[in-house]
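# A structural walkthrough
Now for the letters of each chain:
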Amino acid sequence: MQSLQQKALEWSGVAGEDAFAIDDTNLYQKLGHQTFVDLSTNFYNRVYADDQEWFRSIFANSNKEDAIQNQYEFFIQRMGGPPLFSQRKGHPALIGRHRPFPVTREAAERWLQHMQNALDSVPKIDADSKTCMQNFFRHTAFFLVAGNQMMNEQQRCAHNPQHKQ
Ligand code: HEM
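Note that the coordinates shown come from a computational prediction; the quantities given were computed from them, not determined experimentally.

### Quick look at the site of the ligand
- Taken together, 21 residues lie near the ligand, and S62, N70, F74, A108 and W111 sit nearest.
- Looking at the shell around the ligand, the elements that each hand over two or more residues are α6 (64–78), α8 (94–97), α9 (105–121) and α10 (127–159).
- With 5 residues, α6 is the largest single contributor of residues to the shell around the ligand.
- Its residues assigned to classes, the shell around the ligand comprises 13 nonpolar, 5 polar and 3 charged.

Here it is in structure tokens:
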């Protein structure tokens, strides 16, 4: 079976070394705390104002302020800052946390489009940092799509013992 990582690389089109280039520079030190708060605020303002109801509805049961904080604390932690997310919520376990949501390839592309626009709207983010983050986001988005698909398949099998892999 193809691993989730392999699927994420194939579907995202991001090369392996580019997907994890965020580990080569400390973007938290480079950009500062407030930049991540601004990025997530800008991103979720766009998500909650999306004119496409199918996408907006994925976030309908989440509180916008909480979603902003969840996201920037994770980004800060992942990009070289203090482990704010884990201190408050435990291991990120992103596939499991996205399980309730329809994380399809279409949803990933729309998420990424909003994030691209948000990245372009925060002046503190220079071109190199932007490229690093875009690759990480794209790879992670498709990693989540692959994880979501895997979980749905497992569930189908559990409900239908006749189902053969
Ligand atoms: C692929 C499309 C994606 C969709 C449709 C999606 C959807 C969601 C939704 C509906 C939530 C709940 C909002 C909340 O209450 O926090 C959420 C949370 C979150 N997402 Fe995503 N997401 C996507 C991609 C990503 C990516 C690429 C990342 C990271 C690079 C990410 C990181 C997170 C984090 C850290 C949380 C907070 C989890 C928690 O605190 O429980 N998501 N996402």
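Don't stop here, the text continues.
### As for unusual backbone geometry
- Although it is not a glycine, A93 sits at a positive phi angle of roughly 35 degrees.
- Counting through the fold element by element, A93 comes out in the loop between α7 (84–89) and α8.

### Observations concerning the environment of N117
- Position of N117 relative to the elements: it lies in helix α9.
- Residues N117 and N45, 72 residues apart in the sequence, show an inter-C-alpha distance of 11 Å.

### So, the packing of helix α4 (residues 33–48) against α9
- It is the contact of α4 with α9, at a shortest axis distance of 9 Å, that shows an interaxial angle of 135 degrees. In terms of orientation, α4 lies oblique with respect to α9. Crossing handedness for the pair α4 and α9: right-handed. Residues L39, N42, F43, R46 and V47 of α4 touch α9, and the partners they reach there are H114, M115, N117, A118, L119 and S121.
- In terms of residue class, the contact of α4 with α9 is made up of 6 nonpolar, 4 polar and 1 charged.

### Some remarks on the packing of helix α1 (residues 4–12) against α10
- Relative to each other, α1 and α10 sit at 125 degrees, their axes nearing to 8 Å. Here α1 lies oblique to α10, going by the angle between them. Our pair here, α1 against α10, has a crossing hand that is right-handed. Along its contact with α1, which presents L4, K7, A8, W11 and S12, the element α10 presents R138, H139, F142, F143, V145, A146, G147 and M150.
- Looking at the contact of α1 with α10 residue by residue, the class counts come to 8 nonpolar, 3 polar and 2 charged.

### Quick look at α6
- The terminal C-alpha atoms of α6 lie 21 Å apart, and with 15 residues this matches the ideal 21 Å at 1.5 Å per residue to within 8%.
- For α6, every residue scored as buried is listed here: I68, Y72, E73, F74, F75 and I76.
- If you follow the buried residues of α6, they end up packed against α3 (27–31), α4 and α7.
- One or two steps after α6, the chain reaches G80, where phi turns positive at roughly 100 degrees.

### Topic: the nonpolar core
- A141, F142 and V145 are the most contacted members of the largest nonpolar core, which totals 34 residues.
- Contributing elements (two or more residues each) for this core: α3, α4, α6, α9 and α10.
- Tallying contributions element by element places α10 first for this core, with 10 residues.

Rules used throughout
Residues numbered from 1 in each chain as written. Predicted model: local features only at pLDDT ≥ 70, side-chain atom pairs only at ≥ 80, totals over all residues. Near = placed C-beta within 6 Å. Helix = DSSP H or I, 4+ residues; strand = E, 2+ residues; numbered from the N terminus. Nonpolar A, V, L, I, M, F, W, Y, C, P; charged D, E, K, R; others polar. Axes fitted to C-alpha atoms, helices over the stretch in contact; angles between N-to-C directions. Parallel < 35°, antiparallel > 145°, perpendicular 65-115°, else oblique. Left-handed = near helix turned anticlockwise from the far one by under 90°. Contact = placed C-beta atoms within 7 Å. Expected span 1.5 Å × (residues − 1). Buried ≥ 20, exposed ≤ 12 C-beta atoms within 10 Å, placed from the backbone. Core = buried A, V, L, I, M, F, W, Y, C linked by C-beta atoms within 7 Å.

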